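So the chains spell out like this:
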Amino acid sequence: MDFKKATLVTALIISQAAAAMPASAEAVSSSQVQSQAAAGVQSLNSASPVTFETNGTTKPGTNSSLEGTKQVAAVNSNNQTTENTAPSSQATQQDQTSGSPATSNPPADSQGSQSSVPADGAGTTDSGSSTSGDSSQPPDGGTLTIPDPTSSPATLAPATTGSGQLILYMDSSRMEQDGRVYTATHPMTVKKGVSYVGIRSLVDRVGYQLAYDGKTKETIITYAGNELRFKTGSSIYRVNGVSKTMRGASYQDKNVFMVPLTAITQALNIPYSVSGKKVIVQLSTKPVATFSVQSGDIFAGQTVLNFATKSYSPKGLQIVNERWVGRPDQDMFQSAGTYPVTYSVQDSSGEWSAPFTLNIKVVNPNVPPVAQFVTDKSEYKMGELVTITDQSTDEEGAITDRKWTNKQLAYFTPGSQTISLTVTDKHGATSTIEKTINITNETLYTEDQFYKLFTPVGQNLQINGAGVLNYDKIPFTYTTEPYTLFRDSGPESVTSEGILYQDTITGLTRFMIHHRNRLGEKAKVYLVAKNMDSQNAKIDYLSYGTAGPNQHPELTGRLSVQRYFENYQTSSKQKTVTLAPGETRVIFEDLSATALSQEDVISLFGDLYSDSQVQYTVMIVKANNDPIKALTTLPSLDPKESIIRGTFADSTRVFEYGELVGNTNMRLHLTDNTADPFQTGTDGIMGTPATNSGNYGVLYKIILHRVAPNTLITFNPRGGLYMGAALVNGNVVSFSHSGSVNVPNQTSVLYRTKDYEENVEIWISPSAGSNMPFALLFMPMSPVKQQ
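Reading the values: rules and limits
- Residues numbered from 1 in each chain as written.
- Predicted model: local features only at pLDDT ≥ 70, side-chain atom pairs only at ≥ 80, totals over all residues.
- Heavy atoms only, no water.
- Helix = DSSP H or I, 4+ residues; strand = E, 2+ residues; numbered from the N terminus.
- Contact = heavy atoms within 4.5 Å.
- pLDDT = per-residue confidence, 0-100.
- Pairing = 2+ DSSP bridges.
- Axes fitted to C-alpha atoms, helices over the stretch in contact; angles between N-to-C directions.
- Core = buried A, V, L, I, M, F, W, Y, C linked by side-chain atoms within 4.5 Å.
- Buried < 20%, exposed > 50% of the residue type's maximum accessible area, 1.4 Å probe, protein only.
- Polar contact = N/O pair within 3.5 Å; in protein donor to acceptor, adjacent residues only side chain to side chain.
- Phe/Tyr/Trp six-rings, centres within 6.5 Å; stacked < 30°, edge-to-face > 60°.
- Lys NZ or Arg CZ within 6 Å of the ring centre and 35° of its normal.
- Expected span 1.5 Å × (residues − 1).
- Salt bridge = Lys/Arg side-chain N within 4 Å of Asp/Glu carboxyl O.

### Quick word on the environment of threonine 671
Point 1. Mapped onto the elements of the fold, threonine 671 is located in the loop between strand S44 (666–670) and strand S45 (679–682).
Point 2. Residues threonine 671 and glycine 694, 23 residues apart in the sequence, show an inter-C-alpha distance of 5.4 Å.
Point 3. Beyond its immediate chain neighbours, meaning those up to four positions away, threonine 671 contacts Asp676, Phe678, Gly694, Asn695, Tyr700, Pro766, Met772, Pro773 and Phe774.

### What about the confidence of the model for the protein?
Point 1. A residue-level look at the protein finds 79% of positions with pLDDT of 70 or above and a mean pLDDT of 81.
Point 2. Contacts from residues 1–162, a stretch scored under 50 in pLDDT, to residues over four places away or in other chains number 268 contacts.

### Brief notes about the sheet that holds strand S17 (residues 256–260)
Point 1. Strand order in the open sheet formed by four strands is S9-S10-S17-S16, and the pairing between neighbours is antiparallel. Each edge of the open sheet is held by one strand with a lone partner, namely strand S9 (189–191) and strand S16 (251–253). When the angles between neighbouring strand axes are averaged without regard to direction, this sheet yields 40°.
Point 2. With three bridges connecting them, S9 and strand S10 (residues 194–198) associate as antiparallel partners. Its bridge partner being in S10, threonine 189 is matched across the sheet by tyrosine 196.
Point 3. Each of S10 and S17 is contacted by helix H3 (residues 199–206), which is oriented at about 75° to S10, the strand it contacts most.

### Quick look at the nonpolar core
Point 1. In terms of nonpolar packing, the biggest core is built from 44 residues, with Leu668, Ile702 and Phe778 touching the most fellow members.
Point 2. Ignoring any residue separated from it by four or fewer positions in sequence, one finds leucine 668 in contact with Ile474, Phe476, Phe655, Ile702, Phe774, Ala775, Leu776 and Phe778.
Point 3. By size, the runner-up hydrophobic cluster in this structure holds 32 residues, among which are Leu166, Ile199, Ala263 and Ala267.

### Observations concerning the side chain of threonine 189
Point 1. Relative to the elements of secondary structure, threonine 189 occurs in strand S9.
Point 2. For threonine 189, a relative accessible area of 17% translates into the label buried.
Point 3. Engagement of the side chain of threonine 189 in a polar contact is seen with the backbone oxygen of proline 187, the distance being 3.0 Å.
Point 4. Those residues in contact with threonine 189 that lie beyond four places of it in its chain are Asp171, Val194, Ser195, Tyr196, Tyr251 and Met258.

### What about the packing of aromatic side chains?
Point 1. Taken as a whole, this structure holds 34 aromatic pairs when the rule is applied.
Point 2. Ring geometry for phenylalanine 412 versus phenylalanine 450: centroids 5.9 Å apart, planes at 75°, classification edge-to-face. Residue phenylalanine 412 is found in the loop between strand S28 (399–405) and strand S29 (415–425), and its partner phenylalanine 450 is found in helix H5 (residues 447–454); the two are separated by 38 residues along the sequence.
Point 3. Under the relative-accessibility criterion, phenylalanine 412 is labelled partly exposed at 22%.
Point 4. For the ring pair tyrosine 541 and phenylalanine 588, a centre distance of 5.1 Å and an interplane angle of 75° mean the geometry is edge-to-face. Of this pair, tyrosine 541 sits in strand S38 (residues 537–550) while phenylalanine 588 sits in the loop between strand S40 (584–587) and strand S41 (601–622); the two residues are 47 residues apart in sequence, bridging distant segments of the chain.
Point 5. Using a relative accessible area of 2% as the deciding quantity, one classes tyrosine 541 as buried.
Point 6. Members of the aromatic cluster, joined through ring pairs, are Phe486, Tyr501, Phe511, Tyr541, Tyr544, Phe588 and Tyr616.
Point 7. The ring centre of tryptophan 352 lies 3.9 Å from the NZ or CZ of arginine 323, which sits over that ring.
Point 8. Lysine 575 extends its terminal NZ or CZ atom over the ring of tyrosine 541, reaching a point 4.9 Å from the ring centre.

### Regarding the sheet that holds strand S24 (residues 356–362)
Point 1. The three strands lie next to each other as S22-S23-S24, forming an open sheet whose pairing is antiparallel. Where the open sheet ends on each side, the last strands, each with one partner, are strand S22 (319–325) and S24. The average angle at which neighbouring strand axes cross in this sheet is 25°, direction not considered.

### As for the pairing of strand S11 (residues 209–213)
Point 1. Buried residues dominate S11, accounting for four of its five residues.
Point 2. Bridging between S11 and strand S12 (residues 218–223) involves five bridges; their strand directions are antiparallel. Across the sheet, residue leucine 210 finds its bridge partner in S12, namely isoleucine 221.
Point 3. Hairpin connection from S11 to S12: four residues lie between these consecutive antiparallel strands, with lysine 217 at a positive phi of about 55°.

### Quick word on helix H6 (residues 553–570)
Point 1. With 18 residues, H6 ought to run about 26 Å at 1.5 Å a step, and its terminal C-alpha atoms sit 26 Å apart, in line with that.
Point 2. Within H6, the full set of buried residues consists of Pro553, Glu554, Thr556, Gly557, Arg558, Leu559, Ser560, Val561, Gln562, Tyr564, Phe565 and Asn567.

### Structural notes on the pattern of salt bridges
Where charged atoms from two side chains of opposite charge approach closely, those side chains can pair.
Point 1. Under the counting rule described, the total for this entry stands at 22 salt bridges.
Point 2. Here arginine 402 makes a salt bridge to aspartate 390, at a shortest N to O gap of 2.5 Å. One end of the pair, arginine 402, is in strand S28; the other, aspartate 390, is in strand S27 (residues 388–390), with 12 residues separating them in the sequence.
Point 3. Take aspartate 390: its relative accessible area is 30%, and that puts it in the partly exposed class.
Point 4. The residue glutamate 599 makes a salt bridge to arginine 518 at a minimum N-O spacing of 3.1 Å. Here glutamate 599 is found in the loop between S40 and S41, whereas its partner arginine 518 is found in the loop between strand S36 (498–517) and strand S37 (523–531), with 81 residues between them in sequence.
Point 5. Look at glutamate 599 and you get partly exposed, because its relative accessible area is 25%.

This is the structure in structure tokens:
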């Protein structure tokens, strides 16, 4: 028997049942109509055992229980038989005489991103394809309860839920909506104070769309432009891409996907109340109206507003009318101020939405910035310092860019020189000014003399790098301070979780940590301290600097050293912590404050003191893992890429020199493994010898008691790219040298003595990510001439 024949038979039976009713249909209760309709369907089942499949076809010779079919005959207001074929994503539009809509899942995405959702949590294969449960079971959607005609009258009473309400019952499958009773595929379950509902049963009742992402293994709810994503076993769900935490983790029970009810109600701002064992969800039936305008400033008399509307009906009805209050003519406001604009819509049933109001701030038209600069003179000698003062202004103080053309500290060719400046404000408006100065034939300084005198501290000037080898060597001898260096930069690029380095140290300890994340997911690097003694251990933080995460190892290396010096000056990182015997704790918390993305680098340079034996461990773990719990199970990683790790004694080298320097070109070579030998120590994990190539982490204190008047002190990289920092007479100087071929021909200014002999003290430490060796240069300068 095909579906049409089955429908005709059903219609005949229901028509016969209806013929026995009183003439006035209003005199018959809805429960009686449902009872007689159910009896007709049961008679049909007894006479002809068929199953109606969801595609509307029949399969002879199979069982035909109501639990096994989603297509049922119903009685409409004219006592005609109808078929309910409304998809679950449009439950609010279905024939209200039927509660068992046919499920319409989204088509499988060819790329696997949107697979058709299984019946409320059916299992999926690893490839992301959906696998349904028992095919004889209906999809989880809740079916309209058609009472058994032999039941007592008490079971036949219709639900009393009013329009816009959905009533759920704790520990029950009963659902009531708009005067009708439905059966969920799983009772609402309370676990540890959290109420869970079957996700499909709920969304079918409220008219949301349901999908499944086979690639991410997430169940997706979409409604009115909002998207909620849930994953089995997780208490984290995403609302429009933003991760949020639920009170409990979602789970599956007998192929039913269960989620906390409040996760959905809170995400979609659905009010609800609890009365005894009833949870009353208040579903709005009014249409909803919203709109937005473009971002950025809106200028009076200039900006044409782009009104982007977004309206929908929770009942799935068509929006047929709209109403604006306060919307300006030609969508432009003519004067500055704040203007409320209100928008409402009407659906095809005649119901209007609540008004949506947006206060639009309108400002006066932007006034472009004014570019302006002055020079201290209009005429200069060759090699004379040109002082330029930028006097540009903007009404809002919002100049975002300054672009100079032909701006130099000095000029070495006679004739006129035109300098220009273009300034840009935050709105993109620009202004340009030009000024012309004259350069005479007279020379004040040569180029070499000038740049030695006037290159700003921290900036670079060009030198003859090969000629540096002819500078007089300052004999380097040193004493040490008892800092034990814990150097950990191997492996620099880390591909798996594990212990990066570990050793037990007492007393003054310096840490140099430097790693890149290549785990393929977010991770954190931790430094953990464990008290190995039977008494309390006190740890004093002296100073430290951290840098990253970012993808530039030389930058993190420089910033960690720079911040170490800055914090040393201010004592801002000093504190004391106490560890009980056997206690383990994360220290230098800044290091692990932010997770590293793939290819990110993190660096730390810091000192502390402990009065007892403390075991220090550096580890890398996935971002969500607990480092203390992981400590006992993580493997120790071997160093790779020829990057050093190890423990090294006496890691502060003090060079104190009392002879005159700077009266001729002189150099002090460091980290060259000749006059300044590399440290030797031990790998604390493997127990093997270790060599600190480059002396990274060693702090050099250069104390010069006699530096000649008018001496230029510079940093000259000899090994290639270098980004670093130094503490010079109490001032932090940072500098950068890039490139590969020309780097030894660059030198950066650290200090200039005045026209008298001075004491100069320089603290410097090789930066992680940079190349060794380097030299400090001392060069005489010409005296400053009167202009």
